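Here is what each chain is made of, one letter per residue.
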Amino acid sequence: MESSGDYQHLPGSAMEPLEGPGARRKEPTVPAVKKISVSSSESSRRSSFFTSPVVFAALGMTASAFWLTGISYLGGTVSTIEKRMQLKSSESGLFPVVNDCFGLCTLLFIIHFGQSRHRPRIIAGLYLIVSVGYLMHAVPHFLYELPKSLRLGKNEHSNSSGLQDHGELCLVTEPETGVERCSQDQISESGPLWSEAIWIVIGQALCSCGTCVYPLFIAYLDDGVHHRSMGMYLGALFSTIAIGSAIGYGLATLCLQLPNYLTANEYDLPVSPSDPKWIGNWWLGFMVTGILLLFTSIPIAFFPRHLPKPIALEEEEESSESQDDYLDAVTNGLKVAGEEGPDGFLRGLFQAVWRIVTNLTVISLILCTTTLSGFIAGFQLFGAKYIQYEFSFEPDFASILIGILLVPAGVFGNLIGGCIIKRYARGRHGLVKMVLYCALIVLVLSPTTLFFGCQNRKVAGLALYTGPSNKTMMPNSGTVQEPPYVPQLTSACNVHCKCPVQYDPVCAGDVTYASPCHAGCKKWSVRDDHTGTNRTIYYDCSCLMDDNSTYSDQPYIASAVEGECPKQCIMFIPYFIIIAIVMITGIMCANPVILLEIRSVEKRDRSMTIAVGNFLGKIFGYIPGPIYYGAIIDTACRLFQTSCGKTGNCLLYDLVFLRISFNGISLLIHMVATGFLMIAFYSIRCQSRPKKSDAQNVATNDLELATIST
């Protein structure tokens, strides 16, 4: 009698072979059999879980979504971070630049190192580093206090509701001359707070490791699944881009509705997001994202070095060829680096790059996507901020609008684009026509965004509204000023008030003043504004005329109410519709452009084409994009936070100039990208002409031979 395979190698077990003819057979005991059977079942169940491609893909895509959540969360909270750290937009634009630069420098090294190691553990380790990076974004909240300019409250000087002196009011003093004197604490809190923002920079550097995960993830999964199934996995992986971005903006919406300090109102901060001094909870989302990513990445490390592939699928794949050009370029190209020596690798690398850059069609398409990368990077970081300031929305509402815009655009853009490709644009000529038509639609719609926006409020002392004869009026001085405009917050009516440069606006009539101090107000109280809401009212304002008084029951004292003066603007709905159409149309072009790139080169150069496109996109698109978008936004600023001779974040924008500059640079980018597409179109068209002429020559020669023979 033969022993079972599960027991024949267990010395001394109940199923041990007999040692002699007279040996007595030993019967197995019931507990031993039951124990081994249960252990084998648990081991099989555990093995099947950590060797399942579906489980690995689900964990990897979930972690990828959380990584992208943090990236879009930064875009949703960038205006609050600028206010908290007193940064200009050109300075906050350095955050994603650090991410892209470190990712570009470490990408090839990590991929080369990870291809020959335990890839699941490398992936888990990279996501672990990213989670630590997101947690580091929240460090400034716990180590540093808010600047005093953001934590001064009305109750700091008095708890009563009568007419009391207030720290933000006009305190009549003799005007000082000479250099401004500042204490050491004031100097440390003036200008950009880079000593606090450096934690975000370090966190972004660590988060750059997430860019190295995709190649390792795709190559590892491709080794363990059917080649025909890889397309489904790849599509699901790329769908996490839209999902993660939407989650990030949604999380920003929830967090920015909460105050910066979740416990007591320690610094007597504003209690409403509509208050210009409101600091939303910008740091909480980074902690949530980091913790979720940490727990998601741990199970990935328990997968084996290689996913087991069924033998039947191995034999089938050896005898079949893939019909997916993009899939071949991605999966097969990831394994080239380890198959050649250093000399052969470098020689082949330079030869492949030379073939790509001398291919007019391919290099035109790559330059097109590189140009558009700058727009994508700039809009991802500053899109929510632009909507917030241009249309006077609260930060949380602007973030949710961007999230609402991304998900339908990603879904419908890919769906409609895939249907068009399958039905009408299978060849190169059809693909390039489809891309060019989409680009022309975007180019026609983009200029309309220059006209969909709001007008400036009437802000006293700032050249932001026009008076008679379209001349810019300076309300405090009553003078007319021609461009360039210079802020004149200090005038004869408040020169003795010693007002700091800040934006804590009050409204008198239809004119907004930068602060109660700049309005010359000397007293305040809390009153019902006739709608059941308590509002802070400022009295005895020397810069106001009696007919500008907000409350007519106080005719003997010029008064103003806290907050900016309300304004009507209904241009957001058409702007939102235009941007939605532009994004859907642009996403429709993404896959055709990639297919055109890899179908316009030899099969051996497909993976290198994708690599060159990604490299140039980082260098000339994603890295400079946030910088020049931030610099353009700063040019629209009309009032910077200023203290001790240093300037910080922008307090007030010229909305007309902001609209023209922000949408103007986007229009310019689309014009340049369309130009490169036209070059690619004519290149493909010219490449198809010789084939027709050759065919005609052959037909003519055949006809001549037939004539001669007859």
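**Focus on the overall build of the chain**
Moving on, step 1. Helix and strand counts for the chain come out as 22 helices and 10 strands.
Moving on, step 2. Here the chain holds 710 residues, and 47% of them are scored as buried.
Moving on, step 3. In the chain, of all internal contacts separated by at least 6 residues, the share reaching a separation of at least 24 is 76%.
Moving on, step 4. Here the chain has roughly 35,100 Å² of accessible surface; of this, 63% comes from carbon and sulfur atoms.

**Notes on helix H2 (residues 53-85)**
Moving on, step 1. Here H2 spans 44 Å end to end across 33 residues, near enough to the 48 Å set by a 1.5 Å rise per residue.
Moving on, step 2. A bend of about 60° at threonine 77 is the largest found in H2.
Moving on, step 3. Of all 33 residues in H2, 29 are buried; the element is thus mostly enclosed.

**Quick look at the side chain of threonine 77**
Moving on, step 1. Along the polypeptide, threonine 77 turns up in helix H2.
Moving on, step 2. Filtering out sequence-adjacent residues up to four positions away, threonine 77 remains in contact with Ala252, Leu256, Trp282 and Phe286.

**Examining the packing of aromatic side chains**
Moving on, step 1. The full count for this structure, using the stated rule, is 19 aromatic pairs.
Moving on, step 2. Each ring, one from phenylalanine 393 and one from phenylalanine 572, has its centre 5.1 Å from the other, and the planes form 90°; the classification is edge-to-face. Placement of the pair is phenylalanine 393 in the loop between helix H16 (360-390) and helix H17 (395-423) and phenylalanine 572 in helix H19 (residues 572-599), with a sequence separation of 179 residues.
Moving on, step 3. On the basis of relative accessibility, which here comes to 23%, the residue phenylalanine 393 falls in the partly exposed class.
Moving on, step 4. Grouped by ring-pair contacts, the aromatic residues Phe375, Phe379, Tyr386, Phe391, Phe393, Phe397, Phe572, Tyr575, Phe576, Tyr628, Tyr629 and Phe662 constitute a single cluster.
Moving on, step 5. Between lysine 88 and the ring centre of phenylalanine 640, over which it is positioned, the NZ or CZ distance is 5.4 Å.
Moving on, step 6. Directly above the aromatic system of phenylalanine 657 lies the positively charged group of arginine 638, at a separation of 5.5 Å from the ring centroid.

**Section: the pattern of salt bridges**
Moving on, step 1. Summed over the entire model, instances satisfying the criterion amount to six salt bridges.
Moving on, step 2. A salt bridge links lysine 385 to glutamate 82, with the nearest nitrogen and oxygen atoms 2.4 Å apart. Here lysine 385 is found in helix H16, whereas its partner glutamate 82 is found in helix H2, with 303 residues between them in sequence.
Moving on, step 3. Judged by its relative accessible area of 4%, glutamate 82 falls in the buried class.

**Some remarks on the confidence of the model for the chain**
Moving on, step 1. When pLDDT is averaged across the chain, the result is 75; 70% of the residues are at 70 or more.
Moving on, step 2. Long-range and interchain partners of residues 153-167, a stretch whose pLDDT sits below 50, account for 33 contacts in this model, where long-range means more than four residues apart.
Moving on, step 3. Within the model, the stretch residues 546-556 combines pLDDT values under 50 with 22 contacts to residues more than four positions away or in other chains.

Here is what the cut-offs are and how they apply
- Residues numbered from 1 in each chain as written.
- Predicted model: local features only at pLDDT ≥ 70, side-chain atom pairs only at ≥ 80, totals over all residues.
- Heavy atoms only, no water.
- Helix = DSSP H or I, 4+ residues; strand = E, 2+ residues; numbered from the N terminus.
- Buried < 20%, exposed > 50% of the residue type's maximum accessible area, 1.4 Å probe, protein only.
- Contact = heavy atoms within 4.5 Å.
- Areas by Shrake-Rupley, 256 points an atom, 1.4 Å probe, with all protein chains shown as cover.
- Expected span 1.5 Å × (residues − 1).
- Bend = angle between axes of the 7 residues up to and from the residue.
- Phe/Tyr/Trp six-rings, centres within 6.5 Å; stacked < 30°, edge-to-face > 60°.
- Lys NZ or Arg CZ within 6 Å of the ring centre and 35° of its normal.
- Salt bridge = Lys/Arg side-chain N within 4 Å of Asp/Glu carboxyl O.
- pLDDT = per-residue confidence, 0-100.

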